[in-house]
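The primary structure of each chain is shown beneath.
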Amino acid sequence: MSGQGMYNARSRLRFQACLYFAAVFQAVACGIHYLASVFLVETPNFVCSVPDNITDVLYGNLTGSSLDDILPVFKAGTGPLVVRTADGEQWELSQCQCALRTDPKDFTYNFDGNKTVKACNGNFVYDHTEVYQSIVTDWDLVCEREWLAKLCQPTFMLGVLIGALVFGDIADRVGRVRILMFTSLCQFVLGVCVAFSGNYYFFVVLRFLLAMVSSGYLVVVFVYVTEFTGIKVRTWTSMHVHAAFAVGIMVVALTGYLVRVWWIYQIILSTCTSPFLLFCWKFPETPFYLMAKGHYKEAQTLLDTIARFNGLECRLRAEDLLEPKEQNGRALLEKESEEQTVQSENKLSILDLFSSWRMVGRTCTVWAIWFIGSLGYYVFSLGSVNLGGNQYINLFLAGKFAIAIAFGLIYLYTCELYPTIIRSLAVGSGSMMCRVGSVVAPFCVYLSAVWVYLPQLIVGILAFIIGVLTLLLPETLGKPLTTTLEEAEALGRKPSKKNSALANKDAEDGLEMTQHADRA
């Protein structure tokens, strides 16, 4: 193809390309907030503090004049730190208790005399080499309060679970664009508020709400860009939505390396995608949604706008997107069908995902894929800081390889398996199951204390089982997006001649407008 031909091909998709990259940009924020807790709740080395100034420290064969000298190499469970204070007292310091030596003769590491064991009573000394300030060090979430720190990520993922289902359902009722604008604004506001939460419980509540809106945006933006792109580029666009998510994880790793104070770290992460708020209110609703709701006149106006922006003559009419039995010529463009809109909204229910035995099997399999994919990914990501080597590089690589995992494809596949009227709900419910996996993942990571390879073994067995079940699902490559439940249920069956003829008039090819442009 000549250079001019390539330019013309690209210019025919200017509207869709601009809209796509603008919408996907905010997905970076979703990746940021999902994994931000890796460093927000990071627990550095720590021991009990003593009431007096420390003059000498012993740890095995190591000596020092302050705890700061020894804490970076201290390992829990390998023995206490022995310190001597300015008053001559000798203490054995562990992570959750301390012991005062009674009448010591010499300052040595080993001591066989009597000791008075005491609890730390909320007084701890932390190693600030890697983490200068986290919520763990600010609110002493260690020892008997350690469970509060471990609860942060499961609580966040519970918010993601609820947000995926709630906003997916609402997007099918009120439109994709309104949800995109609302969730984007809330991500910015709640993200900044988290940095000034002031106490643990307020922090958890704000993070829970932040999780809901982040999940809502990620679910709805995927449906949004899928309904604006054609069959030829649908796989590419779906994968790059999650490439943006992976970029967000890399931003977390980079910011965590450069900024070691948790509230500054949180502010930076929350504001880095704020420019999106300046133009998201200009986003149009998708033609598929407008047609599904009976707004034919608005759909035609949008098609004309897309054609003008792309420098083309709009030869696609809104009535061309309907099945023959639904076409009433241009009368559809003159009168909005309120009755059809009401009926569509009444049918919006999660029960429609189980409208027949065929759909029951499909939905259960899709939900299982979401669950296992999420469980495996977060078992790796949340455990990345425990791997050997640099924890920031580990998380960065976790984000990089997120591009290649099945998340991008399962979002796309779910969109293609379900019709327009419940597409956001289907993706939202799948994402809900995904978050069930992410809630379970932190507890699965803790099983490494039983056997180091147990988390990977569990994920591997489950992944094999669901991989076999996936073979029972229909192929959707090259198929047009379905509009009705009947069309969605027919996927995988041998098409009739009538349906084959209808597929040739795919609405997405009209949206791409490449065929019309070629004729021109």
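Presented here is a report on the structure given in the accompanying data block.

Rules used in this analysis
Residues numbered from 1 in each chain as written. Predicted model: local features only at pLDDT ≥ 70, side-chain atom pairs only at ≥ 80, totals over all residues. Heavy atoms only, no water. Disulfide = S-S within 2.5 Å. Helix = DSSP H or I, 4+ residues; strand = E, 2+ residues; numbered from the N terminus. Buried < 20%, exposed > 50% of the residue type's maximum accessible area, 1.4 Å probe, protein only. Patch = residues over 30% accessible without salt bridge, like charges linked within 9 Å, V, L, I, M, F, W, Y side chains within 5 Å. Areas by Shrake-Rupley, 256 points an atom, 1.4 Å probe, with all protein chains shown as cover. Salt bridge = Lys/Arg side-chain N within 4 Å of Asp/Glu carboxyl O. 1 Å grid on protein atoms, 1.4 Å probe; cavity = no way out; pocket = protein on both sides within 12 Å on 5 of 7 lines; lining within 4 Å. Points joined across faces, edges and corners; volume = space filled by probe spheres on them. Nonpolar A, V, L, I, M, F, W, Y, C, P; charged D, E, K, R; others polar. Pairing = 2+ DSSP bridges. Axes fitted to C-alpha atoms, helices over the stretch in contact; angles between N-to-C directions. Core = buried A, V, L, I, M, F, W, Y, C linked by side-chain atoms within 4.5 Å. Contact = heavy atoms within 4.5 Å. Expected span 1.5 Å × (residues − 1). Arc of directions from axis to C-beta. Phe/Tyr/Trp six-rings, centres within 6.5 Å; stacked < 30°, edge-to-face > 60°. Bend = angle between axes of the 7 residues up to and from the residue.

Our focus in this paragraph is the state of the cysteines. This structure, assessed with the given rule, holds two disulfides. Two residues, C48 and C120, share a disulfide whose sulfurs are 1.5 Å apart. Placement of the pair is C48 in strand β1 (residues 46-48) and C120 in the loop between β7 (115-119) and β8 (124-126), with a sequence separation of 72 residues. For C48, a relative accessible area of 0% corresponds to the buried category. There is a disulfide in this structure between C96 and C143, and the S-S distance comes to 2.0 Å. Handedness here is read from the sign of the S-S torsion; for C96 and C143, about -100 degrees, the answer is left-handed. One end of the pair, C96, is in the loop between β5 (90-93) and β6 (97-101); the other, C143, is in the loop between α6 (135-139) and α7 (146-174), with 47 residues separating them in the sequence. Described in terms of the sequence order of its bonded cysteines, the disulfide pattern of the protein chain is 1-3, 2-4.

Judged by side-chain polarity, V450, W451, V452, Y453, L457, I461, L462, F464, I465, V468, L469 and L472 come together as a nonpolar surface patch covering roughly 1,200 Å² of accessible area. Within the secondary structure, L462 sits in helix α20 (residues 454-470).

A separate point is empty space enclosed by the protein. Counted by the stated rule, this structure contains four cavities of 30 Å³ or more. When its volume is computed, the second largest cavity comes out at roughly 70 Å³. Lining the second largest cavity are F39, E42, E130, V131, Q133, G256, V259, R260, V261, W262, Y265 and Y392. Considered class by class, the residues forming the lining of the second largest cavity number seven nonpolar, two polar and three charged.

Moving on: the sheet that holds strand β4 (residues 81-85). Spatially, six strands are ordered β3-β2-β4-β5-β6-β7 in an open sheet, and the strand pairing comes out antiparallel. Lying at the two open borders of the sheet, with one neighbouring strand each, are β3 (62-64) and β7. When the angles between neighbouring strand axes are averaged without regard to direction, this sheet yields 20 degrees. When β4 meets β5, the two strands line up antiparallel, connected through four bridges. If you follow V83 over to β5, its bridge partner there is W91.

Our focus in this paragraph is the nonpolar core. Of all hydrophobic cores here, the largest spans 132 residues; its most connected members are Y34, L81, L93, I135, F203, Y224 and F283. If we skip the residues at most four places from it in the chain, L81 touches V47, L58, Y59, L67, I70, L71, F74, W91, E92 and L93.

If you check helix α13 (residues 296-309), its first and last C-alpha atoms are 20 Å apart, about what 14 residues at 1.5 Å a residue would give, namely 20 Å. For α13, the full list of buried residues reads Y296, A299, Q300, L302, L303, I306 and A307. One side of α13 carries all its buried residues, which in axial view fall inside an arc of 160 degrees. Following α13 by one or two positions, G311 adopts a phi angle in the positive range, close to 75 degrees.

Scanning the entire structure with this criterion turns up 21 aromatic pairs. Seen from their ring centres, Y34 and F156 are 5.9 Å apart, and the 80 degrees between their planes marks the pair as edge-to-face. In this pair, Y34 sits in helix α3 (residues 27-35) while F156 sits in helix α7, placing the two residues 122 residues apart along the sequence. Judged by its relative accessible area of 0%, Y34 is buried. Ring centres of F124 and Y126 lie 6.3 Å apart, and the angle between their planes is 45 degrees; on these two criteria the pair is classed as tilted. For the pair F124 and Y126, a shared accessibility class is recorded, and that class is buried. An aromatic cluster of three or more residues is present, and its members are F15, Y217, Y224, F228, F276, F279, F283 and F309.

In this section: the pairing of β5. Burial along β5 is two-sided: Q90 and E92 facing one way and W91 and L93 facing the other are all buried. Hairpin connection, β4 to β5: the antiparallel pair is bridged by four residues, and G88 has positive phi, about 90 degrees. Two strands pair when backbone bridges link them, and β5 and β6 are joined in this way by three bridges, in the antiparallel orientation. When the bridges of β6 are listed, E92 appears paired with A99. Linkage of β5 to β6, two consecutive antiparallel strands, is achieved through a turn of three residues.

Moving on, we come to α7. Here α7 is 29 residues long and its end C-alpha atoms lie 42 Å apart, about the 42 Å a rise of 1.5 Å per residue gives. Maximal helix bending in α7 amounts to about 30 degrees, located at C152; proline P154 follows within four positions. Remark: G175 follows α7 within two positions and exhibits a positive phi of approximately 115 degrees.

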